[in-house]
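Geometric and topological summary
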Amino acid sequence: MHEAIARLRAEGLARIDQAATNEALEAVRLALLGRKGELTRLLRGLVDLEPAQRPAVGAALNELKLEFGAALGRRQSELAEHHTAAAVCDLTLPGLPPVVLGTAHPLPSVLEEICDIFYGMGYDRDEGPEVELEYYNFTALNFPPDHPARDLQDTFFLGTDILLRTQTSPVQVRTMERRSPPLAYVFPGRVYRNENADASHSSEFFQIEGLRVDRDISLVDLRETVAAFVGSFFGGERPTRFRPHYFPFTEPSVEVDMQCMKCGGRGCGICGQSGWLEIMGAGMVHPNVFKAVGYPDDAYTGFAFGMGIDRLAMLKYGIDDIRLFYENDLRFLRQFRGVL
Amino acid sequence: MKISLQWLRELVAWEDSPADLAARLTAAGLNVEGLSEFALTWPGVKVARVLECNRHPNADKLTLCKVDDGSGKTYQIVCGAPNVRAGLHVLLATVGAELPGGVRIEAANIRGIESRGMICSGAELGLSDDEAGIMELADAPAAGTPADELFGCRDTVLDIEVTPNRPDWLSHLGVAREVAALYGTKLQPPRVLKPTPGGTLGWKVEVEDFHDCPRYIAHGADNVAVGPSPAWLQNRLRAIGQRPINNVVDITNFVLFELGQPLHAFDRDLLGGDVITVRRAGRKQTVTMLDDVSRQIVADDLIIADGDGPVALAGVMGLASSQVTAGTTRLLLESAFFCPSLIRQSSRRLGLVSESSYRFEREADWSMVRFAAHRALYLLQELAGATIIGDAIDRADPDRQVPPDLALRVHQVNRILGTDLSLEQTADVLRALGLKVQPLSSQIEAKTVNLMVQVPTFRRDLKLEVDLIEEIARLHGYDRGTRGCGSPALTCRRRQRRDEVNRLLRIWLPALGYHEIVSSSFSGRHQLAALQLTAGDLRSECLQVLNPHHGRETLLRTSLVPGFVDAARRNLHAGAQRPVRLFQLGRVFWPAGRKTAGTRHAQEHLLPEEPRLLQIGIAGGEGAGYGGIPLELLELKGLATELAALLGIPLSLRPAGREPFLADGLQWEILDSSGEICGSLGRLKPETAAALDVDANIALLELRLDRLDCTRPAIHYEQFSRFPAAKRDLSLLVPSGVTFQQVEETIRGAVGNGLAHLELFDIYTGTGLPAGTCAYGIRLKFRSQHGSLTGTIVDETIQRILRDLASALQVYPRA
Ligand SMILES: [Zn+2]
């Protein structure tokens, strides 16, 4: 039996080496390992052997099978190498996919992008709690008690004195309580409003707050900072305008509009025909806020601004429904592949 | 707030197109959100005189009328109204006319008689609700006069967003003041009637607490003829979206929208006793209000009461019992100043926001209380034929403080606005707003007060110097400043490590095929229950929203698991390619968690712990894996090792069974370098998945990022060996009960330093092995810092390994 195996080995290896084409090699493979091949025949013959002999012979045959396999593979690649020049490959066949790329979610991506812009301008970053004291969310921010100003933001209450923060502004107060000017900070994070969801409203969304306080910060500094940010985030020279508005914690307060990126100011559906898009609220820090954090009267001035990250992301990517951000549908998320 | 430009023109003059006016108002802070045309017009409808009426020969209820439309011809009209009669002046819709609602008038044959037009009722023209009969025109207007001339109106209406600090803009007069300041024109105050002394009202007013109601004015009017308002007044109200009711009610509404002061008219004959009391309700009671809705008044509500009980919920709405009706002849007219927060509390509790409460909770204008009453008296006299009683009541808080004048430092104006305004420029801007300005020092320096500014009662938002500075910015322009803080750019900053770690994860995980999700902070009770958390678990206690908008129970999440499952389910249902790989970085809220210590505010302990978690998961995996461990768990386990390398921290995994929602025997604890548990890894229990409504395998890795010290130790370069490695494969028979970890540790112990690599490349559990064993194929690479390893040295090492394996674990090489 061992002789037969040895003979088959020598013969088989020689035939493999002599095969000159892929077709010939395939014929050799079938002759050796195919259903009616010689090795297969020997394997089937195992049952006729003495039981004691079977393991040894079986092992030897299996080893030979592996050896033939390896030799066939080797010869095949040799042939392929010889052949490359002449071979007709279908070069349009799809490649083997690597790991299919995942995506970073566009909201945190836009958040990080905004932070990067402000790091470049010398801002630090901090975060505060999402479950917040009524004191930090309203009182310290100069919202008078029991005043309609509190209706500007429909609030989720969790207890008498605790709530889900309606804005990132409380982090201003927490930061100023801990640190003295000069200060330059951005505070990104999730905020909550007790309202029904529709295409432009979500009961949870993301905001980023900016704060700069020093001895003589003026409205001009705010304007320059806004212009630098808008140019960097939306690209190019984009006119902005300040419209007077009301926020209890800034005075003067403004809303900042940017010339509509779609129509260039002529008016279109995106900007409601006005030519302008509202992008943030801002203003000079109210003296009552400085008082609440214990800064001495008149010692400092500063500005603060707040932007909706969801809104900026919607403008940037032409997304028309805020709810898409929170559905986590891969058909949506995949469109942001490669975005960081 | 809707502003009719026709109305505004009666109060102030300006030369500009509506669009340009809107733009200037917006730039001044009255954000114009809409500009629309309002028109009441009836082409083809004109006055006609009914010459004769005869009964229709074929119908009892129809009348055959001959009418004159002023053209010299007469027409035959069939009319069904019961009140038609010869001599009436009526409105005739001629053939071709179009009525509101798109009805087109054509010549018609009605029961055999031709009719060339239609005589209109008020309802058909949209002028009143009266559809019982045709309109009978008073004062015999000439036949042929177009209806438009009598009743028509064209107007432009602005819709202005008014911020809560500017209640003065909730009126045409307030907006007119702004227009006057913007265009440099003068305000034309409306006409009023100051009653001359005489007559007796016969009523007293008692104010229980001037804190609740600092001022209450009551006037009387007799001989009132309640009826429809004149067309001009009706059209004013219609233009701003209000429905005319009758002249008395319309007049109080008109004054509210003109001057911003809410008024209330009672039918004096329906009031009991002779004393009006302004007081707290004292007890709960159910009342019917003007809108015919029953509501409950509570003890703390401020009410107006007569001798019998409440007649109005102060500042919010009157009660039906004393309302003005068609038969009313004697009025009691109320004009008051109520405590804003009281009105707000009542209005919020009842969910009832009226035009009146909306203004009172923003604070009324002290001076307007009387002026508005006089305005209403004038209109009542002119439009309702009322006789005004001279005897009036004006109860005002004798201790009321006049707000002090405000000191303004021009230096501070320039400091905040970055401007270089002079004293004169500053004063001019303030004067244009109608503020009285008294110059003091002309020295412009840090602490010098330059102007004292007297604040009129209609500007209750001006409380501090900075409020005046905003007014200056608003009128002078926000782009006029030139000076910044002068300090050079701030020093450049870079990301803190915490944010750097987020960034790394958000690059690395997508590269491995994971999609980032952002899931809701809210959760439902059943989702929390699905996790089967034990009572002592920090995550079993959660915060609950007290006032969810949709009324459904809303909890704050204590775990990211339900949010992950939601996203997984959505995508699996949508047919996403399996498996779905997702990750999220998010906070959860643990009220029972560790409290922040040493913080500034005494209530800080009320806040929950908000740990930041990283969760990575695979849903819908079907792969078999090896060693009985599903493929997706093996992937996550491999990921955990790499994650440790990415973050630069040692993490280790320990087989455990602690998480109640992860399958027993298929979960690990993740430990940090000090052996603290900082995360978990495992497969979601099928029953948990089912309870969360997903039918798929889900593997989850969760890590508490906030607990990890991710400060990466400084990297110091170490010399590496350039000598080639020697490779050896071992095939080992491992009895069950011996873990791979034991085998690995034994091998490493036997080798010492020179082991460069150890890899399990095969596990064989098939036939041909002794019972109770499996075969491991392990590849080892040895490398030395000092030179190439000789075969002898490697062979000796292998012998040592095999000896140790045999003695310690009864693991032997496979023959
Ligand atoms: Zn546009």
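Residues numbered from 1 in each chain as written. Chains lettered and ligands numbered in written order. Predicted model: local features only at pLDDT ≥ 70, side-chain atom pairs only at ≥ 80, totals over all residues. Heavy atoms only, no water.

Turning next to the coordination of the zinc ion. Residues and elements named next belong to chain A. Taken together, Cys260 (SG), Cys263 (SG), Cys268 (SG) and Cys271 (SG) make up the full set of protein donors to the zinc ion, lying 2.2 to 2.3 Å away. One can describe the donor arrangement at the zinc ion as tetrahedral, given that its 4 donor atoms subtend angles of 101 to 113° at the metal. Here the donor residues of the zinc ion share one chain and are spaced in sequence as C-x2-C-x4-C-x2-C. When its relative accessible area of 2% is taken as the criterion, Cys260 is described as buried. (Donors = N, O, S within 2.8 Å, 3.2 Å for Na, K, Ca; no water. Tetrahedral: all angles 85-135°; square planar, octahedral: opposite > 155°, others 65-115°. Buried < 20%, exposed > 50% of the residue type's maximum accessible area, 1.4 Å probe, protein only.)

So, on to the pairing of strand β6 (residues 240-247) of chain A. Successive residues of a regular strand alternate their side chains across the two faces of the sheet. Taken across its 8 residues, β6 of chain A has 6 buried, putting it largely inside the fold. Between β6 of chain A and the antiparallel strand that follows it, strand β7 (residues 250-259) of chain A, lie 2 residues. (Helix = DSSP H or I, 4+ residues; strand = E, 2+ residues; numbered from the N terminus. Pairing = 2+ DSSP bridges.)

The next thing to look at is helix α8 (residues 340-350) of chain B. Those residues of α8 of chain B that sit buried are Leu342, Ile343, Arg344, Ser346 and Ser347 of chain B. Positive backbone phi, approximately 60°, marks Gly351 of chain B, located one or two places after α8 of chain B.

Attention now goes to the sheet that holds strand β25 (residues 406-408) of chain B. Residue and element names in this part refer to chain B. In space, the 3 strands of this open sheet follow the order β25-β27-β26, with antiparallel pairing throughout. Sheet topology places β25 and β26 (436-439) at the edges, where each strand pairs with a single neighbour. Pairwise comparison of adjacent strand axes, ignoring direction, gives a mean angle of 25° for this sheet. In this sheet, strand β27 (residues 451-454) lies alongside β26 in antiparallel orientation, the contact comprising 4 bridges. (Axes fitted to C-alpha atoms, helices over the stretch in contact; angles between N-to-C directions.)

A word on the interface of chain A and chain B. Chain A puts 94 residues into the contact, and the matching count from chain B is 88 residues. Taken together, the two surfaces of chain A and chain B that pack against each other cover about 7,700 Å², and 53% of this comes from carbon and sulfur. Three residues stand out in chain A for area buried against chain B, namely Asp146, Pro244 and Glu251 of chain A, and they jointly supply 8% of the buried area on that side. Inspection of the chain A/chain B interface yields 12 salt bridges. One salt bridge in this structure joins Asp146 of chain A and Arg344 of chain B, with 3.1 Å as the shortest N-O distance. Applying the counting rule to chain A against chain B returns 44 residue pairs in polar contact (both at pLDDT 80 or more). The class makeup of the residues in the side of chain A that touches chain B is 42 nonpolar, 20 polar and 32 charged. (Contact = heavy atoms within 4.5 Å. Buried area = accessible area lost by both parts, 1.4 Å probe. Salt bridge = Lys/Arg side-chain N within 4 Å of Asp/Glu carboxyl O. Polar contact = N/O pair within 3.5 Å; in protein donor to acceptor, adjacent residues only side chain to side chain. Nonpolar A, V, L, I, M, F, W, Y, C, P; charged D, E, K, R; others polar.)

Many analyses report the size of an interface as the accessible area lost when the parts associate. The assigned domain composition of chain A is domain 1 (2-89) and domain 2 (106-336). For domain 1 of chain A and domain 2 of chain A, the distance between their C-alpha centres works out to 73 Å. (Domains from an automatic or database assignment.)

Below, the discussion takes up the domain arrangement of chain B. Split into domains, chain B comes out as domain 1 (2-40 + 154-183), domain 2 (45-151), domain 3 (204-396), domain 4 (406-474), domain 5 (498-594 + 608-704) and domain 6 (726-813). Using C-alpha coordinates to define each centre, domain 3 of chain B is positioned 38 Å away from domain 4 of chain B.

Further remarks concern the pattern of salt bridges. Under the counting rule described, the total for this entry stands at 77 salt bridges over all chains. The partner of Glu67 of chain A in a salt bridge is Arg9 of chain A, and the shortest N-O contact between them spans 2.7 Å. Taken as a pair, Glu67 of chain A in helix α4 (residues 54-83) and Arg9 of chain A in helix α1 (residues 2-18) lie far apart in primary sequence, 58 residues in all. Between Glu471 of chain B and Arg474 of chain B there is a salt bridge, with its nearest N and O atoms 2.8 Å apart. Placement of the pair is Glu471 of chain B and Arg474 of chain B together in helix α13 (residues 465-476), with a separation of 3 residues, close to one helical turn. The exposure classification of Glu471 of chain B matches that of Arg474 of chain B, with both residues buried. A single network of salt bridges, built from pairs that share partners, joins Glu112, Asp116, Arg125, Glu127 and Glu130 of chain A together with Arg495, Arg498, Asp499, Glu500, Arg503, Arg587 and Glu610 of chain B.

Okay, the sheet that holds strand β34 (residues 662-671) of chain B next. Think of a sheet as strands paired side by side through backbone hydrogen bonds, with each pair either parallel or antiparallel. Residue and element names in this part refer to chain B. With mixed pairing, the 7 strands of this open sheet are ordered in space as β28-β31-β32-β36-β35-β34-β33. This sheet does not close on itself; its edge strands, each paired only once, are β28 (515-516) and β33 (652-655). Summarising the sheet, β34 and strand β35 (residues 677-684) pair through 6 bridges and their orientation is antiparallel. When the sheet's bridge partners are listed, Ile670 is paired in β35 with Gly679.

What follows deals with the side chain of His105 of chain A. Summarising the element assignment, His105 of chain A is placed in the loop between α4 and α5 (106-120). A polar contact of 2.7 Å, which involves the side chain of His105 of chain A, links it to the backbone oxygen of Phe325 of chain A. Ignoring anything within four residues of it in the chain, the contact list for His105 of chain A reads Phe325, Asn328 and Leu333 of chain A together with Arg506, Glu516, Ile517 and Val518 of chain B.

Bringing helix α14 (residues 497-511) of chain B into the picture now. The end-to-end C-alpha separation of α14 of chain B is 21 Å, in line with the 21 Å expected for 15 residues at 1.5 Å each. Looking at α14 of chain B, one finds that the buried residues are Asp499, Val501, Asn502, Arg503, Leu505, Arg506, Trp508, Leu509 and Pro510 of chain B. For α14 of chain B, the secondary structure elements touched by its buried residues are α5 and β1 (124-125) of chain A together with β28, β31 (580-587), β32 (612-619) and α17 (631-647) of chain B. Of the residues flanking the end of α14 of chain B, it is Gly513 of chain B, one or two places downstream, whose phi is positive at about 100°. (Expected span 1.5 Å × (residues − 1).)

Before going further, it helps to spend a moment on the packing of aromatic side chains. Across all of its chains, the model carries 24 aromatic pairs over all chains by this definition. Relative to Phe143 of chain A, the ring of Phe138 of chain A has its centre 4.9 Å away and its plane inclined at 70°; by these criteria the two rings are edge-to-face. Site record: aromatic cluster; members linked through ring pairs are Phe118, Tyr123, Phe229, Phe233, Phe234, Phe303 and Phe305 of chain A. Above the ring of Tyr136 of chain A, the side-chain terminus of Arg174 of chain A is found at 4.1 Å from the ring centroid. Of note, Arg779 of chain B hangs over the ring of Phe761 of chain B, and the distance from its end group to the ring centre comes to 4.7 Å. (Phe/Tyr/Trp six-rings, centres within 6.5 Å; stacked < 30°, edge-to-face > 60°. Lys NZ or Arg CZ within 6 Å of the ring centre and 35° of its normal.)

Moving on, we get to the side chain of Glu470 of chain B. Along the chain, Glu470 of chain B turns up in helix α13. Polar side-chain contacts of Glu470 of chain B include one of 2.8 Å to the backbone nitrogen of Ser253 of chain A. Discounting chain neighbours no more than four positions away, the residues touching Glu470 of chain B are His245, Glu251, Pro252 and Ser253 of chain A together with Tyr478 of chain B.

Of note, the bond from Glu251 of chain A into Pro252 of chain A is cis; its omega dihedral lies within 30 degrees of zero at -5°. Note on placement: Pro252 of chain A falls in strand β7. Cis geometry is found at the peptide bond from Arg578 of chain B to Pro579 of chain B, where omega equals -10°. In this structure, Pro579 of chain B sits in the loop between α16 (561-573) and β31.

Cysteine pairs can be linked by a disulfide, which is a covalent bond between their two sulfur atoms. Scanning the model with the defined rule gives 0 disulfides over all chains in all. Among the cysteines around Cys120 of chain B, which has no disulfide bond, Cys79 of chain B carries the closest sulfur, lying 9.5 Å off. (Disulfide = S-S within 2.5 Å.)

Let us look at the nonpolar core. Within the largest apolar cluster, 104 residues are counted, with the highest numbers of intra-cluster contacts made by Ile114, Phe229, Met307 and Phe325 of chain A together with Leu430, Leu684 and Ile698 of chain B. With 8 residues, α5 of chain A is the largest single contributor of residues to this core. Within the second largest apolar cluster, 55 residues are counted, among which are Leu21, Phe257, Leu259 and Ala372 of chain B. (Core = buried A, V, L, I, M, F, W, Y, C linked by side-chain atoms within 4.5 Å.)

Residue and element names in this part refer to chain B. Across 3 bridges, the pairing between strand β1 (residues 2-4) and strand β12 (residues 153-161) is antiparallel. Counterpart to Ile3 in the pairing with β12 is Leu158. As judged from the 9 bridges shared by strand β2 (residues 31-40) and β12, these two strands associate in the antiparallel manner. Bridge pairing in β12 places Ala39 opposite Arg154.

Attention now moves to the packing of helix α7 (residues 247-259) of chain B against helix α10 (residues 368-384) of chain B. Residues and elements named next belong to chain B. Following both chains from N to C, one finds α7 and α10 inclined at 140°, their axes separated by 10 Å at the closest point. The element α7 and its partner α10 pack so that their crossing is right-handed. Facing α7, whose interface residues are Asn247, Val248, Ile251, Phe254, Val255, Glu258 and Leu259, α10 presents Met368, Phe371, Ala372, Arg375, Ala376, Leu379, Leu380, Leu383 and Ala384. Looking at the contact of α7 with α10, its residues break down into 13 nonpolar, 1 polar and 2 charged. (Left-handed = near helix turned anticlockwise from the far one by under 90°.)

Take Ser357 of chain B: it is sitting in helix α9 (residues 355-360). If near-sequence neighbours (up to four positions away) are discounted, Ser357 of chain B is found in contact with Gly315, Val316, Ile343, Ser347 and Leu352 of chain B.

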